[in-house]
Structure formats: C-alpha cells, structure tokens
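# A closer look at the structure
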2 protein chains.
Amino acid sequence: MNTSEKVSADPSEDAGPFAPVVAPRSAPAQVADQVVAAIREGRLRPDDRLPAERELARTLGVSRPTLREALAGLELAGLVRSRQGHGTVVVASAAVVANWGAEMTPTQVFEARLAIEPELARLAAEKRYPEDIAVLRQAGADLEEEFARTGHYRSDLPVHRAVARAARNPVLATALEEALRHTETARWKELRSSALRPEVIREGHVDEVRRVVRHVIRGEAREAAEVWRTHLVHYRDEMLTGLQIDAGHDAEPLET
Amino acid sequence: MNTSEKVSADPSEDAGPFAPVVAPRSAPAQVADQVVAAIREGRLRPDDRLPAERELARTLGVSRPTLREALAGLELAGLVRSRQGHGTVVVASAAVVANWGAEMTPTQVFEARLAIEPELARLAAEKRYPEDIAVLRQAGADLEEEFARTGHYRSDLPVHRAVARAARNPVLATALEEALRHTETARWKELRSSALRPEVIREGHVDEVRRVVRHVIRGEAREAAEVWRTHLVHYRDEMLTGLQIDAGHDAEPLET
DNA sequence: TTGATGGATTGGCCTGACCACCTGGCAACT
DNA sequence: AGTTGCCAGGTGGTCAGGCCAATCCATCAA
C-alpha cells in the first residue's frame, strides 16, 4: 500500500521541483471513511445500530447536515440503512467492504479481465440478441474502418464493451467496467504510451477483434472465448514486458 | 413525490390478497435516481456540468441539503465530482451505469460465479499468502467439523469468501460479493429451501470443498480451479433443476 | 392478560446564513 | 504588449436551528 518513497505525486508528468497540493478530503467523506473503516475492521457488524444522528454528529464534531451527507452516501452505496424512528443500522459485512478503494496493479487488472472477458464472449455467442449483435457488428466495423483508413486505431474499448453488453450479465459487465476504471491511472497511461505506440498496433490485433466479432455472431461460443482470451494475453504481454516491479505481492508466498 | 397507485410489490412472492407496502423512496434517493437515469440515457455525459446546487434544488423542488445528500451519494459512488468554486461535473459514462440496479436471474448469478470463482481458486493457489492460507484452512476445517457433527452444514460461503480473499484481486472479489448480494432475494430463499434441504447435502459437497482447499494449499492451480468449477456446476444443477421459467431472455435469439 | 395511548427518541426535510474557493475580467504596473 | 494584482460574482462546503413523521416503549386502563 505504500507508494514509492520519493513522493513526487505523478511520476509520469512530474518534471519540476513542485508537486501539486493534495485535495483536502471533505468532512462528509472523512465521516464516511470512518464508518467504512469501522465496518472493515469489524468494529461495526451487520445489524449494529449507529448512534443517533444528533449524538454522532456531536461526537464527530460535525453538524448534522454534514453527517447526514455521509450517511446518505453510505446508504446509497448499500452499506447502511436508515429508518425513521428506528435508527441507522449497518447492512454490509466486512467482506463486502474489504476491497473498497484498493489499488490494482496492472497485473491484477489483467487477471480480472482474463477471468471475465472470455466468459463474456462465450455468453454473448450463446445468447445473441439481435440488438446487441447489431451494436457489436457496428463497433467492429468502426474499428476496421479506422484501421484501414489511418493504419492504427485509438482504442478497441467499444468492441470490448459491446461484447460485455451482449453477454447480458450485469455482474460481469459491471466488473469489467470496474477493471477498466483502474486503467485510467497515471501508471497505466504511462504503460500505454510506451507499449502501444501506433507503430506497434499490428494487423494481428485487428484480426483478433474481427475474429471475435465473427465468432460471436455465428454463435461459436468456445471459439469466441478462446480468441478473446488470446487477444488479452497478447495485449498484456506487450504492456507488461520488461516490467519487473509490480508491487502486487506484499507478503511472501508459501511453500507447501 | 407521488408513489405508484397500485403498489403491487414483488410478484414472485405475492401469494395472498395482500401485498407488502412499498418502502417509500426518500427524496435524496429520488434525486439520485434522476441523475443516474440521465447518465444512463446519455442526457448527461462525462465532463458535463450539472446546474448549480441552489438552482438545481429549486428546479427539483427540494431543499439544498436534500440535494446535497443525493450528490454526496453520487460522488461516493464515483459518478460525479464536486469541486468548490467550480461546480459538479459528471465523471461516469453511460456504460458504467448501464447495469445499476439490474435484476439478476439465478441463471445469471451462476454465469457470473462460474466465470469468477474458478479463476479466484486458480489465483489463490498461485499466490498462497500465508495469512490467507491460514484463513482458508480454518474455514474448511470449520465446515468439515460442522458436517461431521451434525451431518449437514448451513453454508459454505466462508470457504468461498476465503478463496476469494486469498486470490488477492479486489475487482474479482468485489464482483463475487456483488453476485452473492443477488442471492438474498425472496426468489433465492425459495430456491434454497426447496433444493438444499439438509438431507440433500451429500458427502460429495463437503468432499469438493475439501479438495479445493487442499489444492489451493498445495499450489495446484489448475486442479483447484477445476474442482471449484464442478462444485458450482453441481450446486447450480441441484438448484435449477425443474426450473423452466427463468425470464433471463426477453428477446428472441438470432440465427446465423 | 390484553390492548390502547402518549411521550420520548429517531430519522426526514426545510430555511437561512456564512465561509472558502475558483474563475474571469479589469485596472495598474513594468 | 505583456505581466501582475485585485476584486466581484458564482459555486460548493459547512453550520445552526427548527418542524414534521415514523417508530418504539413504558405506562395505564379494560
């Protein structure tokens, strides 16, 4: 969890002696953090009642509206449930909250995508709803058109998302979006800029995308999953080659 | 502010002439719903600025604190970002929000778990952090002890969660929790009560759990994943046998 | 024992206000 | 001309205090 020693906010774009000031955490956010931490550490368990709003606000040293903003956020997130005249009770278990706000190394992101996306392709090929197929076909056509015209393409994300949508599984689709969200950090941008220079985009990439689209359209589930998997493996290997430090392990693995 | 006329809650568990009263949606929740809907429908796109709080509150007919509770929730969920003096801007794309609040059929839940859990077992077996292994071993031992003593067990969820934790992948672990969350509806409880009566719990179930724990401990990644997968398949088949209506398909599949 | 009741507690929502911060434009200075 | 300094307006951040409605629970009456 500890970042590198030389703080230096964003290594990818920090050139001078000055680092940007940290954005202060708002009062409601700090309150919410405390509650989340309490749940994670087991100091608050499901069905526990929080102190009354007026009292809790006083103990935390914030006003009641501020506290209520925090509780509203937690309730919208499903961690807590408030009922008039009854109180505010914890709903989520520690397991639900265990990984909130966790950092993801690039290796972990690929672990997740490799678990999810081939299965999404398989499901998409099995279900084949006409609307979804149309969207997928269009996304593939757009990519091919851009590649044919310019010799490269900016992103194949629309195809990945079209496959996810066509799979019709909210949990898996949301999980993919979650993985992609971790792809917008400075570290990733740096990886992309060094690994995915336009001249690196080979015909092979486009071909993999083309084949996945075709397999899904034809309902060839196993083949779709396999192509999607190799596509991700290629992408991962290009991205992570020569990357020794990955900080994904902060403890020693065990031998049998 | 007006609720629906004929309440008519959940058709899946409505047996008598009386339907449970629908829990009224709070004002902040309704506001948040509107924003989410606007994002989903593309009426609000990333980088769009929302109207100023005072103005938006007036437009929606709520007070500013109420509006702020809604925005606090949306910000905690990462859909929106407020900065003092600048305004509130949309962060999330329609894709992120596309599946929020979606219902999951039992079939879909198993689709997700079958995609995620074998991979979690594989990763757990590859990483094998001592703390996680200890937790997993304990969870397995608890299950065996309960089964040996009573001839059945209430739940193998602790083992599933221990495997997830040992995989050290926040996105996948959270996705599993999300899938499990959809397992607490009335429909699922009904399925469980009819399919998992104590006398149905066979030695085979416990044996599968035992084998997964052992494979993970020994670092046999492929075997761990395979056993976990068959365990889920067995569970699914027992649960869904004789279940014709699944409502997972609301459009006609396409032929090639 | 049972049922009603009324107060105390709790969250739900509002009004109004002040502060801190950001932005953009204008004026003063170099 | 370009830079700096300043300030006013708009914005979110926070607070204080209040009223209402749902719930709970101890009390009391039948």
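Up top you'll find the structure we're talking about.
Residues numbered from 1 in each chain as written. Chains lettered and ligands numbered in written order. Predicted model: local features only at pLDDT ≥ 70, side-chain atom pairs only at ≥ 80, totals over all residues. Heavy atoms only, no water.

## Some thoughts on the relation of the copies chain B and chain A
- When chain B is fitted onto chain A, the two copies agree to an RMSD of 0.2 Å after a turn of 180° and an axial shift of 0.0 Å. When the rotation and shift are considered jointly, the pair of chain copies conforms to a two-fold rotation axis. Residue Gly 73 of chain B of chain B places its C-alpha closer to the rotation axis than any other residue of that unit, at 1.7 Å.
- A shared interface surface links the copies, since 94% of the contact residues of chain B are contact residues in chain A too. (Least-squares fit on C-alpha atoms with pLDDT ≥ 70 in both. Contact = heavy atoms within 4.5 Å.)

## As for the packing of aromatic side chains
All names here are of chain A.
- Per the stated rule, a full pass over the model turns up four aromatic pairs over all chains.
- Arranged with centres 5.6 Å apart and planes meeting at 45°, the rings of Phe 110 and Trp 188 form a pair that is tilted. With Phe 110 in helix α5 (residues 106-127) and Trp 188 in helix α9 (residues 186-195), the pair connects residues that are 78 residues apart, well separated along the chain. The burial state of Phe 110 is the same as that of Trp 188; both residues are buried.
- Site record: aromatic cluster; members linked through ring pairs are Phe 110, Trp 188 and Tyr 235.
- Above the ring of Tyr 129, the side-chain terminus of Arg 168 is found at 3.9 Å from the ring centroid. (Phe/Tyr/Trp six-rings, centres within 6.5 Å; stacked < 30°, edge-to-face > 60°. Helix = DSSP H or I, 4+ residues; strand = E, 2+ residues; numbered from the N terminus. Buried < 20%, exposed > 50% of the residue type's maximum accessible area, 1.4 Å probe, protein only. Lys NZ or Arg CZ within 6 Å of the ring centre and 35° of its normal.)

## Comments concerning the protein's contact with DNA strand D
- The full set close to DNA strand D counts 24 residues, and Ala 27, Thr 66 and Gln 84 of chain A together with Glu 53 and Arg 68 of chain B are the nearest of them.
- Sugar and phosphate atoms constitute 61% of the interface atoms of DNA strand D, taking the interface as everything within 4 Å of the protein.
- At 2.7 Å, a backbone N or O of Glu 53 of chain B approaches a phosphate oxygen of DNA strand D.
- Mapped onto the surface near DNA strand D, the elements with two or more residues apiece are α1 (27-40) and α3 (64-76) of chain A together with α2 (53-60), α3 (64-76), β1 (80-83) and β2 (87-90) of chain B.
- With three residues, the single largest contributor to the surface near DNA strand D is α3 of chain A. (Near = heavy atom within 4 Å. Polar contact = N/O pair within 3.5 Å; in protein donor to acceptor, adjacent residues only side chain to side chain.)

## Remarks on the protein's contact with DNA strand C
- Close contacts around DNA strand C come from 25 residues, with Glu 53 and Arg 68 of chain A together with Ser 63, Thr 66 and Gln 84 of chain B the closest.
- Gly 85 of chain A is positioned with one of its backbone polar atoms (N or O) 3.3 Å from a base oxygen of DNA strand C.
- At a separation of 3.2 Å, a base nitrogen of DNA strand C approaches a polar side-chain atom of Arg 64 of chain B.
- If you list the elements that add at least two residues to the surface near DNA strand C, you get α2 (53-60), α3, β1 (80-83) and β2 (87-90) of chain A together with α1 (27-40) and α3 of chain B.
- Per-element tally for the surface near DNA strand C: the top contributor is α3 of chain B, with three residues.
- Grouping the amino acids of the surface near DNA strand C by side-chain chemistry returns six nonpolar, 12 polar and seven charged. (Nonpolar A, V, L, I, M, F, W, Y, C, P; charged D, E, K, R; others polar.)

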